[in-house]
Amino acid sequence: MNPHAKLISTVSLIMGTSITISSNHWILAWTGLEINTLAIIPLISKSHHPRAIEATIKYFLTQSTASALILFSSLTNAWSIGQWDITQLNHPTSCLLLTMAIAIKLGLVPFHFWFPEVLQGSSMITALLLSTLMKLPPITLLLMTSQSLNPTLLTLLAISSALVGGWMGLNQTQTRKILAFSSISHLGWMIVVIIYNPQLTLLTFTLYAVMTTTVFLSLTQIKVLKLSTMLVSWTKTPILNATVMLLLLSLAGLPPLTGFMPKWLIIQELTKQEMTPTATVITMLSLLSLFFYLRLAYHSTITLPPNSSNHMKLWRPKKTPNTTTAILAALSTSLLPLTPLIVTML
């Protein structure tokens, strides 16, 4: 890809995200979302592979539909109450349309079908952007309008996302699709508590972004795209593979790793809100995700594959240490003791 085109796309991504998260007017927020969509499209299609072109078209169609719904929702609300302020979303139809639009943009169930396919057709770094940075503007809009949204609908979307994200990730062999379903499952945890404690949703998203970024960067360094490759990568980068195992267990939410903190706080908040059945259901559904995280962790640390693999053994090159990955890995595995401090800051 041309360096100038890559620079323009990167600057546009940052600018679009900044416009959306800092705006109070619906038209400005919609403009930022459109800039984001147009900026990421060249990054998805840069390989010119048929799968990448297919992923680009799917992404463009779904995001265009979501943007049209957001515009229609804000227009209906402004027509009804005479306000373009994002926080003044009071019209019931507008609230329903906005919830649907944000669900499409985030890839929540039942609007999740585009997300794994788009990630599978993208490079690892583009998939990282789609899983983290591109989720921030829609999450921000949900945070700003959370008091106007229907709690029953959001709870239903959250439980469905946790169920489908865990269930459909069980049989996957491609790491990008597994991380896509992991993202859908984590979004369910964020959405379920957004009305009752928006700051907790923001904390969950931040920790999810840190852990997912570390996993993507580590897999990019190991050059792993599927499980059969991961089986034979242990001899090439043993320390990084062991780190990937800990990162995956942290994403699964196992104590004493960082990923346990947001799930613990969300369960505590749901219990305070007298939503113990919801907390129980979403906790049980996280066991589905735990299964495929354990499967990935097993594949990343096994020394020999259990059967003959047709994958060509790779040379073990001299690796330069990556400081960014090391810092992110430390944050992704060791923040749980700081939970009391983080809670006091919320």
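So, here's what we can say about the structure. Because the structure is a prediction, the values reported are computed rather than measured.

**Some words on the nonpolar core**
No. 1: Grouped together as the largest cluster of nonpolar side chains are 94 residues, with contacts concentrated most on Ile-40, Tyr-59, Leu-106, Leu-130, Leu-219 and Met-261.
No. 2: In this structure, Leu-219 is in contact with Met-124, Thr-175, Leu-179, Val-224, Met-230 and Val-244, ignoring residues within four places of it in sequence.

**Looking at unusual backbone geometry**
No. 1: Backbone torsion omega between Val-109 and Pro-110 reads 10 degrees, so that peptide bond is classified as cis.
No. 2: Note that Pro-110 resides in the loop between helix H4 (92-106) and helix H5 (114-120).
No. 3: Here the bond from Pro-255 into Pro-256 is cis, since omega is 5 degrees, no more than 30 degrees from zero.
No. 4: By secondary structure assignment, the location of Pro-256 is in the loop between helix H12 (238-252) and helix H13 (260-272).

**Overview of the packing of aromatic side chains**
Each aromatic ring pair is summarised here by two numbers: the centre-to-centre distance and the angle between the ring planes.
No. 1: Tallied over the entire structure, the rule returns four aromatic pairs.
No. 2: An angle of 15 degrees between the planes, with centres 5.9 Å apart, marks the rings of Phe-260 and Trp-264 as stacked. Pair noted here: Phe-260 and Trp-264 are both in helix H13, with a separation of four residues, about one helical turn.
No. 3: On the basis of relative accessibility, which here comes to 40%, the residue Trp-264 falls in the partly exposed class.

**Digging into a nonpolar patch on the surface**
No. 1: Where nonpolar side chains cluster on the molecular surface, the patch consists of Leu-38, Ile-53, Ile-57, Phe-60 and Leu-61 and spans about 470 Å² of accessible area.
No. 2: The residue Ile-57 is located in helix H3 (residues 50-81) in this model.
No. 3: What makes Ile-57 partly exposed here is its relative accessible area of 47%.

**Observations concerning the pattern of salt bridges**
No. 1: With the rule as written, the count across this model stands at two salt bridges.
No. 2: Across the pair Lys-58 and Glu-54 runs a salt bridge, and its minimum N-O distance is 2.9 Å. Placement of both Lys-58 and Glu-54 in helix H3 is noted, with a separation of four residues, approximately one turn of the helix.
No. 3: Classification of Glu-54 by relative accessible area gives partly exposed; the value is 41%.
No. 4: The partner of Lys-177 in a salt bridge is Glu-117, and the shortest N-O contact between them spans 3.4 Å. In this pair, Lys-177 is assigned in helix H9 (residues 175-192) and Glu-117 in helix H5, connecting sequence segments 60 residues apart.

The rules behind each value
Along each chain, the written sequence defines residue order, and numbers are assigned to residues from 1. Local features in this predicted model are restricted to residues whose pLDDT is 70 or higher, and side-chain atom pairs enter the listing and the counts only when it is 80 or higher, whereas totals over whole chains, interfaces and linings include all residues. By convention in this description, side-chain values take in all heavy atoms of the structure and omit both hydrogens and water. In these notes, a set of buried Ala, Val, Leu, Ile, Met, Phe, Trp, Tyr and Cys residues joined through side-chain atoms within 4.5 Å is what counts as a nonpolar core. Accessibility here uses a 1.4 Å probe with only protein chains present; expressed as a share of the type maximum, an area under 20% marks a residue as buried, one over 50% as exposed, and anything in between as partly exposed. We call two residues in contact when some of their heavy atoms are within 4.5 Å. Strands are runs of DSSP state E lasting at least two residues, helices are runs of H or I lasting at least four, and both sets are numbered from the N terminus onward. Any two of the Phe, Tyr and Trp rings considered here, Trp counted by its six-membered ring, make a pair once their centres fall within 6.5 Å; the pair's planes then place it as stacked at under 30 degrees, edge-to-face at over 60, or tilted in between. Residues enter patches when their relative accessible area tops 30% and they take part in no salt bridge; the joining distance is 9 Å for like charges and 5 Å for the nonpolar side chains Val, Leu, Ile, Met, Phe, Trp and Tyr. Using a 1.4 Å probe, the Shrake-Rupley method yields the accessible areas, and only the shown protein chains count as cover for residues. Counted as salt bridges are all cases of a side-chain nitrogen of Lys or Arg within 4 Å of a carboxyl oxygen of Asp or Glu.

In short, the description is geometric, and any link to function would need to be established separately.
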